[in-house]
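A look at the structure
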Amino acid sequence: MNKEEFINELKHLDINISVDTLKKLDAYYHLLVTENAKYNLTTITEESAVYLKHFYDSLTIVKSINLKDEYLLDIGSGAGFPGLVLKIVFPNLKVTLVDSLNKRIIFLKSVIEKLNLKGINAIHERIEDYAKISRESFDIVTSRAVASLPVLSEMCIPLVCEKGLFIPMKADAKDEIKSSQNAIKTLGGVLR
């Protein structure tokens, strides 16, 4: 997906991306590729693949929710997908990125600083430990390519505030949804 295709596909998601935002995503892409050799952040580094499989895919969360100025937590952020992409495109979001590997957090903090992003934190911590101090603190909790849905439900639902949403980003979750029903119900969640 080249940049023009990216812009056009975002219009189908009702996202009109500004020139400034596109420049930030481009700078993010270049930082990702440059630092990938040092940090081993992703196997996907070709520009068209990053725009499709990382940037566009991260933004498909808008199929589930209209993003405004919520507090969003991204569990297992890795190289910043989806949380950092969401912050760049939706600057009013207040975003917390949590990852257990410090090398990823170092990278994320570097991108945040170089792009001069405000209202975003990158935290080096295991989610099990972070959850002890952050229960019911976020409007939206999301993750992408982290763990199975039963495990994610147990980690993430307790972090969601009342009337908040846990939105796991999964390619095909039909079987995982079935195996998660008990955990979701036990934790007070409702499947939508």
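As shown above, the structure is provided for reference.
What counts as what
Residues numbered from 1 in each chain as written. Predicted model: local features only at pLDDT ≥ 70, side-chain atom pairs only at ≥ 80, totals over all residues. Heavy atoms only, no water. Helix = DSSP H or I, 4+ residues; strand = E, 2+ residues; numbered from the N terminus. Buried < 20%, exposed > 50% of the residue type's maximum accessible area, 1.4 Å probe, protein only.

**Structural notes on unusual backbone geometry**
In this model, F81 is joined to P82 through a cis peptide bond whose omega is 10°. Among the structural elements, P82 can be located in the loop between β1 (71-75) and α4 (83-89). Even without being glycine, D14 reaches a positive phi, approximately 60°. By secondary structure assignment, the location of D14 is in the loop between α1 (3-12) and α2 (19-39). Owing to a relative accessible area of 71%, D14 belongs among the exposed residues under this scheme. Positioned with a positive phi, N40 is a non-glycine residue whose angle comes to about 50°. Inspection of the secondary structure puts N40 in the loop between α2 and α3 (47-59). The exposure class of N40 is exposed, given its relative accessible area of 54%.

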